Amino acid sequence: MDIFSRLKSGLSKTRLQISSIIKGAEFDDTFFDSLEEALIAADLGLDLSVDVIDRLREDISQKGITEAADAIESLKEILVSDLHAEKVPEEFPPKPWVILIVGVNGVGKTTTIGKISNELRNNGKKVILGAADTFRAGAIEQLRIWAQRTGCDFVSQHERADAASVSFDSIEAAKSRSSDVLILDTAGRLHNKVNLMKELEKIVRVIKKNTPHAPNEILLVVDATTGQNAIKQAQVFNDIVPLTGLVITKLDGTAKGGVALALTKKLGVPIRKIGVGEGIDDLQDFDPHAYVEAMLGDIV
Ligand SMILES: Nc1nc2c(ncn2[C@@H]2O[C@H](COP(=O)(O)OP(=O)(O)OP(=O)(O)O)[C@@H](O)[C@H]2O)c(=O)[nH]1
Ligand SMILES: [Mg+2]
């Protein structure tokens, strides 16, 4: 299966549900209520679902839409307009370009680093990975394996070492080896664990002190199957370390897709990449049109 089919198959539940509501519907209050419920069930969250329905109602009445196919097009346009998108920059002028990867436990941070490294290496970049997850047993080794597999340099200290100190070492190493990009892995942490969130703040402070332009990107990795909890988590992370982008993983699974919309709308932070599998190539640039097509395409 290609990556788009994988995404589409992951989001099929949402597509089927919306399809059954919109087919043959009269565009009356009952229709709008059912569609609103379906959007909430698809993880768009209450506020955004209500907002989308308001806009759809207006559009349908303004354009005098009577056909399901036209209503779907209108809904797609509304959703696409809500999905900010920016690509990861392809050139990295200030060397090293520093990417800090953060998120709660088990969302796919380290795997995403492997996938991004692979992409960068295929584009001829010199990449170095820094093992600032010193907390979980096995985390350093897991990143080392990704470094070997993708041909990246690697910096680590011992387990339980100070994560900010590893970050400092990593930047120094990136400079001395003229790396184009440094990617820092961090430990998974729950947003309500104050000490762990403080550690993240310290990592950023130490990086900035060493290299004022860094970190160039702070990417929050979010598991798409988390549902609405992801919003609160992301808001807390964003308050502590200003995020520059989101990576939404596990869209090949049971995710309903709406969380991507809710997140980017609430935070105003673009989605950079999406993960659709455990393999090294299962990552793609986020494309709002393709995403909404996967959620709602071919349903009438
Ligand atoms: N299906 C699927 N699985 C994924 C995806 N991304 C990561 N995983 C899997 O999720 C699990 C956790 O991945 P990790 O990369 O170790 O997650 P992490 O956020 O680094 O975890 P901690 O460091 O323990 O917080 C692994 O089994 C990965 O293979 C994805 O896009 N789709
Ligand atoms: Mg990890």
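Please refer to the structure placed before this passage.
Residues numbered from 1 in each chain as written. Chains lettered and ligands numbered in written order. Predicted model: local features only at pLDDT ≥ 70, side-chain atom pairs only at ≥ 80, totals over all residues. Heavy atoms only, no water.

A.B. asks: Looking at this structure, how should I read the sheet that holds strand E6 (residues 245-249)?
C.D. replies: The strands that make up a sheet pair up through hydrogen bonds in the backbone, lying either parallel or antiparallel. Reading across the sheet, the eight strands line up as E3-E2-E4-E1-E5-E6-E7-E8 and stay open at both edges, with mixed pairing between neighbours. Among the strands making up the open sheet, the edge pair consists of strand E3 (153-155) and strand E8 (283-285). Pairwise comparison of adjacent strand axes, ignoring direction, gives a mean angle of 25° for this sheet. Each of strand E5 (217-223), E6 and strand E7 (271-275) touches helix H11 (residues 258-267); the most contacted strand, E6, lies at about 170° to it. (Pairing = 2+ DSSP bridges. Helix = DSSP H or I, 4+ residues; strand = E, 2+ residues; numbered from the N terminus. Axes fitted to C-alpha atoms, helices over the stretch in contact; angles between N-to-C directions. Contact = heavy atoms within 4.5 Å.)

A.B. asks: What is the right way to look at the pattern of salt bridges in this model?
C.D. replies: It is possible for side chains of opposite charge to pair when their charged atoms get near one another. Taken as a whole and judged by the stated rule, the model has 19 salt bridges. Across the salt bridge formed by Glu 119 and Lys 273, the nearest N and O atoms sit 2.6 Å from each other. Highlighted residues: Glu 119 in helix H6 (residues 109-122) and Lys 273 in strand E7, separated in sequence by 154 residues. The class for Glu 119 is partly exposed, based on a relative accessible area of 27%. A relative accessible area of 3% means that Lys 273 is categorised as buried. Linking Arg 177 and Asp 153 is a salt bridge whose minimum nitrogen-to-oxygen distance equals 3.7 Å. In this pair, Arg 177 sits in the loop between helix H8 (163-176) and strand E4 (181-186) while Asp 153 sits in strand E3, placing the two residues 24 residues apart along the sequence. Within the structure, one salt-bridge network assembled from shared partners comprises Asp 51, Arg 55, Asp 82 and Lys 265. (Salt bridge = Lys/Arg side-chain N within 4 Å of Asp/Glu carboxyl O. Buried < 20%, exposed > 50% of the residue type's maximum accessible area, 1.4 Å probe, protein only.)

A.B. asks: Looking at this structure, I do not really get the site of ligand 1. What am I missing?
C.D. replies: Around ligand 1 sit 19 residues in total, of which Lys 109, Thr 111, Arg 136, Asp 252 and Glu 278 are the nearest. Note that an oxygen atom of ligand 1 is positioned 2.8 Å from one of the side-chain N or O atoms of Lys 109. It is H6 that provides the largest number of residues to the shell around ligand 1, a total of four residues. Across the shell around ligand 1, the residue classes break down as two nonpolar, 10 polar and seven charged. (Near = heavy atom within 4 Å. Polar contact = N/O pair within 3.5 Å; in protein donor to acceptor, adjacent residues only side chain to side chain. Nonpolar A, V, L, I, M, F, W, Y, C, P; charged D, E, K, R; others polar.)

A.B. asks: In this structure, what is going on with the pairing of E5? I would like to understand it.
C.D. replies: The two faces of a sheet get side chains in turn, since along a regular strand they alternate between them. For E5, the tally of buried residues reaches seven of seven residues, placing the bulk of the element in the interior. Because side chains alternate across E5, one face comprises the buried residues Glu 217, Leu 219, Val 221 and Asp 223, and the other comprises Ile 218, Leu 220 and Val 222, equally buried. Of the pairings in the sheet, the one linking strand E1 (residues 97-102) to E5 comprises four bridges and is parallel in character. Bridging from a neighbouring strand, Ile 101 pairs with Leu 219 of E5. For E5 and E6, the ladder comprises five bridges, and the chain directions are parallel. For Val 222, the partnering residue across the bridge sits in E6 and is Ile 248. Note on the crossover from E5 through helix H10 (residues 229-240) to E6: the handedness is right-handed. (Right-handed = clockwise from strand over helix to strand, strands pointing away.)

A.B. asks: Is there a simple way to explain the nonpolar core in this structure?
C.D. replies: A general tendency of soluble globular proteins is for nonpolar side chains to be buried together. Ile 183, Ile 248, Leu 251 and Tyr 291 are the most contacted members of the largest nonpolar core, which totals 104 residues. Looking at which element gives the most residues to this core, the answer is helix H5 (residues 68-82), with seven residues. Excluding residues that lie within four positions of it along the chain, Ile 248 makes contacts with Val 222, Ala 224, Ala 260, Leu 263, Ile 271, Lys 273, Ile 274 and Gly 275. (Core = buried A, V, L, I, M, F, W, Y, C linked by side-chain atoms within 4.5 Å.)

A.B. asks: Even after reading the chapter, I still don't get a negative patch on the surface, so can you show me in this structure?
C.D. replies: Taken together, the side chains of Glu 26, Asp 28, Asp 33 and Glu 37 make up a negatively charged region of the molecular surface. Mapped onto the elements of the fold, Glu 26 is located in the loop between helix H2 (12-22) and helix H3 (29-41). (Patch = residues over 30% accessible without salt bridge, like charges linked within 9 Å, V, L, I, M, F, W, Y side chains within 5 Å. Areas by Shrake-Rupley, 256 points an atom, 1.4 Å probe, with all protein chains shown as cover. Lys, Arg positive; Asp, Glu negative; His and termini not counted. Charge placed at Lys NZ, Arg CZ, Asp CG, Glu CD.)

A.B. asks: Explanation requested: the pairing of E6 in the structure shown.
C.D. replies: Burial of E6 is extensive: five of the five residues sit out of reach of the surface. Neither face of E6 is exposed, since Gly 245, Val 247 and Thr 249 on one face and Leu 246 and Ile 248 on the opposite face are all buried. Sheet topology note: the E6/E7 ladder contains three bridges and is parallel. When the bridges of E7 are listed, Leu 246 appears paired with Ile 271.

A.B. asks: Teacher, can you tell me more about the environment of Asn 105 here?
C.D. replies: Along the chain, Asn 105 turns up in the loop between E1 and H6. Apart from the residues within four sequence positions on either side, Asn 105 is in contact with Gly 188, Arg 189 and Leu 190. Within polar-contact distance, the side chain of Asn 105 engages the backbone oxygen of Gly 188 at 3.3 Å.

A.B. asks: Is there a simple way to explain the side chain of Thr 264 in this structure?
C.D. replies: Inspection of the secondary structure assignment puts Thr 264 in helix H11. Polar side-chain contacts of Thr 264 include one of 2.6 Å to the backbone oxygen of Val 269. With residues near it in sequence (within four places) discarded, Thr 264 still touches Asp 82, Leu 83, His 84, Leu 246, Val 269, Pro 270 and Ile 271.

A.B. asks: Would you mind going over unusual backbone geometry with me for this structure?
C.D. replies: With glycine set apart, most residues show a phi of negative sign, and most peptide bonds adopt trans. Following Lys 95, the chain continues to Pro 96 via a peptide bond in cis, the omega torsion being -10°. Looking at the secondary structure, you find Pro 96 in the loop between H5 and E1. Note the cis peptide between Ala 214 and Pro 215, where omega equals -10°. Tracing the backbone shows Pro 215 in the loop between helix H9 (194-210) and E5. Although it is not a glycine, Asp 43 adopts a positive phi angle of roughly 75°. Inspection of the secondary structure puts Asp 43 in the loop between H3 and helix H4 (46-63).

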